[in-house]
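Here is how the chains run, residue by residue.
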Amino acid sequence: MSDLAIRACTPDDWPAVSELGARTFSDGSEVGYQRSLIGWRRLPQSPDFDWTDVYIGVVDGQVVAHVRVVDAVLRLGQVALRFGGLSGVVTHPDYRGRGYAAALVRACIRAMEDAGQVLSLLDGIPRFYGQFGYASVWPNYTLSFTAGEAANVPDDGSGYVVRPGSEADLPALLALYNAQWQARPWFVERSLDALRFRLPPPLAGDQPYFVVVEDAAGSLRGYSTGYRADDRSEVLATDPAAVSALMRHAAAAYAEDPAHEIKWLVAPDEPAAYYAGRFCKVGYHRWYSPNGGWMARMIDAQATIDRVRPLLVAWWEALGAPGELDVTHCIEGVRLRLASNTLTVPQGRFLQLLFGFLTPREIDETLTDRDIELRDHLKRLFPPVTNQLAGLDWF
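Residue positions are counted from 1 within each chain, in the order its sequence is given. Reporting of local features is limited, given that this is a predicted model, to residues whose pLDDT is at least 70; pairs of side-chain atoms are given and counted only at 80 or more, and all residues count toward the totals for whole chains, interfaces and linings. Heavy atoms from the whole structure form the basis of all side-chain values; hydrogens and water molecules are not counted.

> Help me understand helix α3 (residues 100–115) in this model?
Because the α-helix completes a turn every 3.6 residues, residues three or four places apart line up on one side. Each helix is a run of H or I in the DSSP string that is no shorter than four residues. Each strand is a run of E no shorter than two, and both are numbered from the N terminus. Multiplying 1.5 Å by the residue count of a helix minus one yields the expected span of that helix. Its 16 residues give α3 an end-to-end C-alpha distance of 23 Å, which sits within 8% of 22 Å, the value for a rise of 1.5 Å per residue. Note on classification: 1.4 Å probe, protein chains only; a residue is buried when its accessible area is under 20% of the maximum for its type, exposed when over 50%, partly exposed between these limits. Those residues of α3 that fall on the buried side of the exposure criterion are Y100, A101, A102, A103, L104, V105, A107, C108, I109, A111 and M112. Where α3 terminates, the next one or two residues include G116, which has phi positive at roughly 90°.

Right, here's the structure in full:
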């Protein structure tokens, strides 16, 4: 790979990077390409964008590979974990299979170590990122229903109105997001500036979708936003009336095609999913890739453990379990002491426990050589949780 030069991206490089990214990540249609290209071109306007966090691979003066590190904060309850999100990992088709993407990923890991980020997250292709220490930590969920089914949701007479969203709605949207997501096990901190940027921009040949639900008193009760009304919109609603209003509104957008499928990016235990299932026939889809999808890696294992240790101790004490809990970093990974039992697990496996990714059966299958008491302690301390990244937080 002596012919590959890795360096920080500059504004002069960005047109070539945008073209490479748009061609790679679009759906193959002209509309999809244009939508992707606009997204890439406007990315430097993001409040979290820094040219020193964008890495490119150059061969003979041509940009052939790209990775960006997104600097953000992930919260586990009151514990704040600064992370680096790997975004837009791409190699030009003519240069694939030469290890260029791997070289960029390793460069980004070194940069995150220097920057003080304690974790890294990414949404990855299967069977590639495990070699760098990443482990799958959560799936994605969609709720779906047809326009015809939603058209039959009756008007409940609540007086809720669905209207186009505006700049003035953003503080209320951020408050709705914080109220719902801070109650979940994991969530990404959002700022008003980041929310403003991440709402879909006007697109050539395709209209973005941003609507809000307002009650009779003028207070916001929910919203739906995405690149299209039917394509994995981020949806949040506080009550049944807001959900039914959003469903009827989405159905009206496809009134001429009752079989058209509408997808919402919500987890099965969110209020929007729960109430939608009361109004009409819906489907839930959970998807992730073997050793792919949303994955995490410790960048600074000691710092990560130091920050989550008090929370784990509190969880242990809340269980009323006998003895004490401790967690330490070691050469082999992470050492857990649960009462009189001690267990050492690889860093990736510890993250899967921490994220609630493993089912009780998977814990049993992983630790068949350990006694039942230890396995029971782990299953109580790290129960499986339903979680995912909210749609506007994807990177």
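Right, picking up where we left off after that structure.
> What am I meant to see in the environment of V162 here?
Take V162: it is sitting in strand β8 (residues 161–164). Judged by relative accessible area, V162 falls into the buried class, the value being 19%. Distance in space between the C-alpha atoms of V162 and T344 is 53 Å, their sequence separation being 182 residues. We call two residues contacting when some pair of their heavy atoms lies within 4.5 Å. With sequence-adjacent residues up to four places away left out, V162 is seen in contact with V211, V212, V213, A245, L246 and H249.

> In this structure, what is going on with the pairing of strand β3 (residues 62–76)? I would like to understand it.
Within β3, 11 of the 15 residues are buried, which leaves the element mostly enclosed by the surrounding structure. A pair of strands is labelled paired if DSSP reports no fewer than 2 bridges between them. Joining the antiparallel neighbours strand β2 (residues 54–59) and β3 is a turn of 2 residues, in which D60 adopts a positive phi near 50°. Here β3 pairs with strand β4 (residues 79–91) via 11 bridges, running antiparallel. Across the sheet, A72 pairs through a bridge with F83, a residue of β4.

> Where do I start with the pattern of salt bridges in this structure?
Should their charged atoms come close, side chains of opposite charge can pair. What counts as a salt bridge is simple: a side-chain nitrogen of Lys or Arg found within 4 Å of a carboxyl oxygen of Asp or Glu. Scanning the entire structure with this criterion turns up 22 salt bridges. With a shortest N-O distance of 2.8 Å, E19 and R23 are connected by a salt bridge. Of this pair, E19 and R23 both sit in helix α1 (residues 14–25), separated by 4 residues, roughly a single helical turn. The residue R309 makes a salt bridge to D306 at a minimum N-O spacing of 3.2 Å. Residue R309 and its partner D306 are located together in helix α9 (residues 301–318), separated by 3 residues, close to a single helical turn. Among the residues examined, R309 registers a relative accessible area of 21% and is labelled partly exposed. A relative accessible area of 37% places D306 in the partly exposed class. One salt-bridge network, held together by shared partners, links D48, R68, R190, R198, E234 and D393.

> Whenever I open this one, α9 confuses me. Can you help?
Over its 18 residues, α9 runs 25 Å from end to end, which matches the ideal 26 Å to within 8%, given 1.5 Å per residue. Along α9, the sharpest change in direction is near 40° and occurs at R309; proline P310 comes one to four residues later. By the burial criterion, the buried members of α9 are A301, A303, T304, I305, V308, L311, L312 and W316. For α9, the side-chain oxygen to backbone nitrogen distance between the N-cap and Q302 is 3.3 Å, and the N-cap itself is D300. Just past α9, the residue G320 takes up positive phi, approximately 70°. The angle between axes fitted to the seven-residue stretch ending at a residue and the seven-residue stretch beginning at it gives the bend at that residue. In protein, a polar contact requires one atom able to donate a hydrogen and another able to accept it; more generally it is a pair of N or O atoms within 3.5 Å, and residues adjacent in sequence count only if both atoms are side-chain atoms.

> In this structure, what is going on with the sheet that holds β8? I would like to understand it.
As a general point, the strands of a sheet are linked pairwise by backbone hydrogen bonds and lie either parallel or antiparallel. The 4 strands are arranged β8-β10-β11-β12 in an open sheet whose pairing can be described as antiparallel. Since the sheet does not close on itself, it has two edges, and those belong to β8 and β12 (234–237), each with one partner. With direction set aside, neighbouring strand axes in the sheet form an average angle of 15°. Relative to strand β10 (residues 209–214), β8 runs antiparallel, the two sharing 4 bridges. Opposite V161, over in β10, you have E214 as the bridge partner. Every axis corresponds to a line fitted to the C-alpha atoms, with the helix fit spanning only the stretch in contact, and the corresponding angles, defined between N-to-C directions, vary from 0 to 180 degrees. In this fold helix α7 (residues 240–253) packs onto β8, β10, β11 (220–226) and β12, with an angle of close to 140° to the strand it touches most, β10.

> Quick question: what am I supposed to make of the packing of α7 against helix α8 (residues 271–279) here?
Geometrically, a packed helix pair is captured by the angle between its two axes and the distance between the axes. Relative to each other, α7 and α8 sit at 70°, their axes nearing to 9 Å. Considered as vectors, α7 and α8 are oriented roughly perpendicular to each other. Of the two possible hands of crossing, α7 and α8 adopt the one that is right-handed. For the pair formed by α7 and α8, the contact residues are P240, V243, S244 and M247 on the first element and P271, A272, Y275, A276 and F279 on the second. Note on terminology: angles under 35 degrees are roughly parallel, angles over 145 are roughly antiparallel, angles of 65 to 115 are roughly perpendicular, and the others are oblique. Each crossing gets its handedness from the near helix: less than a right angle anticlockwise from the far helix is left-handed, clockwise is right-handed.

> Got a minute to help me understand the nonpolar core in this structure?
Across soluble globular proteins, nonpolar side chains have a tendency to be buried as a group. The nonpolar core is taken to be a set of buried Ala, Val, Leu, Ile, Met, Phe, Trp, Tyr and Cys residues, with the residues joined through side-chain atoms within 4.5 Å. Counting 61 residues, the largest nonpolar core has L74, W138, F350, L354, F355 and L378 as the members making the most contacts within it. Contact partners of W138, with chain neighbours within four places excluded, come to L74, L121, W186, W294, F355, F357, N387, Q388 and L389.

> Any chance you could explain the side chain of S224 here in plain terms?
Mapped onto the elements of the fold, S224 is located in strand β11. Excluding residues that lie within four positions of it along the chain, S224 makes contacts with Y209, F210, V211, S233, E234, V235 and L246.

> Sorry, what's going on with the environment of W51 here?
Position of W51 relative to the elements: it lies in the loop between α2 (30–42) and β2. Sequence-wise, W51 and P11 are 40 residues apart; in three dimensions their C-alpha atoms are separated by 7.9 Å. In this view, W51 contacts A8, C9, T10, P11, W14 and P44; residues no more than four positions away in its chain are not counted.

> Explain the packing of aromatic side chains here, please?
Each aromatic ring pair is summarised here by two numbers: the centre-to-centre distance and the angle between the ring planes. Each aromatic pair joins two rings of Phe, Tyr and Trp (for Trp, the six-membered one) with centres within 6.5 Å, and gets the label stacked for planes under 30 degrees apart, edge-to-face for over 60, and tilted for any other angle. Summed over all chains, the structure comprises 19 aromatic pairs. Measuring from centroid to centroid gives 6.1 Å for W14 and W40, while their planes differ by 40°, and the two rings are tilted. With W14 in helix α1 and W40 in helix α2, the pair connects residues that are 26 residues apart, well separated along the chain. Residue W40 is classed as buried on the basis of its relative accessible area of 10%. Centroid distance W294 to F395: 5.2 Å. Interplanar angle 75°. Geometry classified as edge-to-face. Of this pair, W294 sits in strand β15 (residues 293–298) while F395 sits in the segment after α12 (372–381), placing them 101 residues apart in sequence. Put simply, the rings of W14, F25, W40, F49 and W51 touch in pairs and so form one group of aromatic residues. The cationic tip of R23 hangs over the ring face of Y33; the distance from NZ or CZ to the ring centre is 3.7 Å. In our convention, an over-ring charge means Lys NZ or Arg CZ found within 6 Å of a ring centre and within 35 degrees of that ring's normal. When the ring centre of F197 is taken as reference, the NZ or CZ atom of R42 above it lies at 4.1 Å.

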